[in-house]
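Observations on the three-dimensional arrangement
Listed below, chain by chain, are the residues.
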Amino acid sequence: MFIAMNRFRVNPERVEEFEKLWLERETHLQGLPGFVEFHMLRGPAEEDHVLYASHTIWRSREDFDAWTRSEAFRAAHANAGQSRREGLYLGPPKFEGFEVIQTISEQGHA
């Protein structure tokens, strides 16, 4: 299993706009080979930003890599550089990818 995360530092005055953008967008994830689950997470608020993280679970790193080369990826990120988002973020998102080495669930070990 592979977890892909992007951390976003969002201008505190534009949190509602950020959340609306994410909640109303087309994800292009359902039905993709290896896609398991997506979460958008709201983290702590600091003086200058609110931390958010997108958290996508994939069956494997290979499935994630295939998605990044797909038409679905290009469609999902087509509006990423829109000028109306200027000032929404404090810097670019920070990508973090993780290979899962252990899973503990309600049902036990996976």
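Anyway, here's the lowdown on the structure attached to this text. Quantities reported herein were computed from a predicted structural model and do not represent experimental measurements.

How each quantity is defined
Residues numbered from 1 in each chain as written. Predicted model: local features only at pLDDT ≥ 70, side-chain atom pairs only at ≥ 80, totals over all residues. Heavy atoms only, no water. Helix = DSSP H or I, 4+ residues; strand = E, 2+ residues; numbered from the N terminus. Buried < 20%, exposed > 50% of the residue type's maximum accessible area, 1.4 Å probe, protein only. Contact = heavy atoms within 4.5 Å. Areas by Shrake-Rupley, 256 points an atom, 1.4 Å probe, with all protein chains shown as cover. Lys, Arg positive; Asp, Glu negative; His and termini not counted. Charge placed at Lys NZ, Arg CZ, Asp CG, Glu CD. Salt bridge = Lys/Arg side-chain N within 4 Å of Asp/Glu carboxyl O. Pairing = 2+ DSSP bridges. Phe/Tyr/Trp six-rings, centres within 6.5 Å; stacked < 30°, edge-to-face > 60°.

Before going further, it helps to spend a moment on the overall build of the chain. A count of helices and strands for the chain gives 3 helices and 6 strands. Listing each helix as α and each strand as β along the chain from the N terminus yields β-α-β-β-α-α-β-β-β. Classification of the 110 residues of the chain by burial places 31% in the buried group. Of the contacts made within the chain by residues no fewer than 6 positions apart, 70% connect residues no fewer than 24 positions apart. Accessible area of the chain: about 7,600 Å², with a carbon and sulfur share of 51%. Considering the chain, the positive charge centre built from 13 side chains and the negative charge centre built from 18 side chains are found 4 Å apart.

By the definition in use, this model includes 7 salt bridges. Put simply, Asp65 and Arg61 hold a salt bridge, and the shortest N to O gap is 3.1 Å. One end of the pair, Asp65, and the other, Arg61, are both in helix α2 (residues 61-68), 4 residues apart, so they sit about a helical turn from each other. Among the ionic pairs, Lys94 bridges to Glu96, the shortest N-O distance being 3.5 Å. The class of Lys94 is partly exposed, set by a relative accessible area of 49%. What makes Glu96 buried here is its relative accessible area of 17%.

The element strand β3 (residues 50-58) is extensively covered by neighbouring structure, given that 9 of its 9 residues are classed as buried. Hairpin connection, strand β2 (residues 35-45) to β3: the antiparallel pair is bridged by 4 residues.

With that out of the way, let us pick up the pairing of strand β1 (residues 2-10). Pairing of β1 with β3 involves 9 bridges; the strand directions are antiparallel. Bridge pairing links Met5 to His55 in β3. Bridge count for β1 against strand β4 (residues 94-99) is 6 bridges, and the pairing is antiparallel. Its bridge partner being in β4, Ile3 is matched across the sheet by Phe98.

What follows concerns the packing of aromatic side chains. Evaluated as defined, the whole model comprises 13 aromatic pairs. Between Phe8 and Trp22 the ring centres are 5.4 Å apart and the planes differ by 65 degrees, which places this aromatic pair in the edge-to-face class. Taken together, the positions of Phe8 in strand β1 and Trp22 in helix α1 (residues 15-24) put the pair 14 residues apart, joining distant regions of the chain. Judged by relative accessible area, which is 6%, Phe8 ranks as buried. Chaining the aromatic ring pairs together yields one cluster made of Phe2, Phe35, Trp58, Phe64, Trp67 and Phe95.

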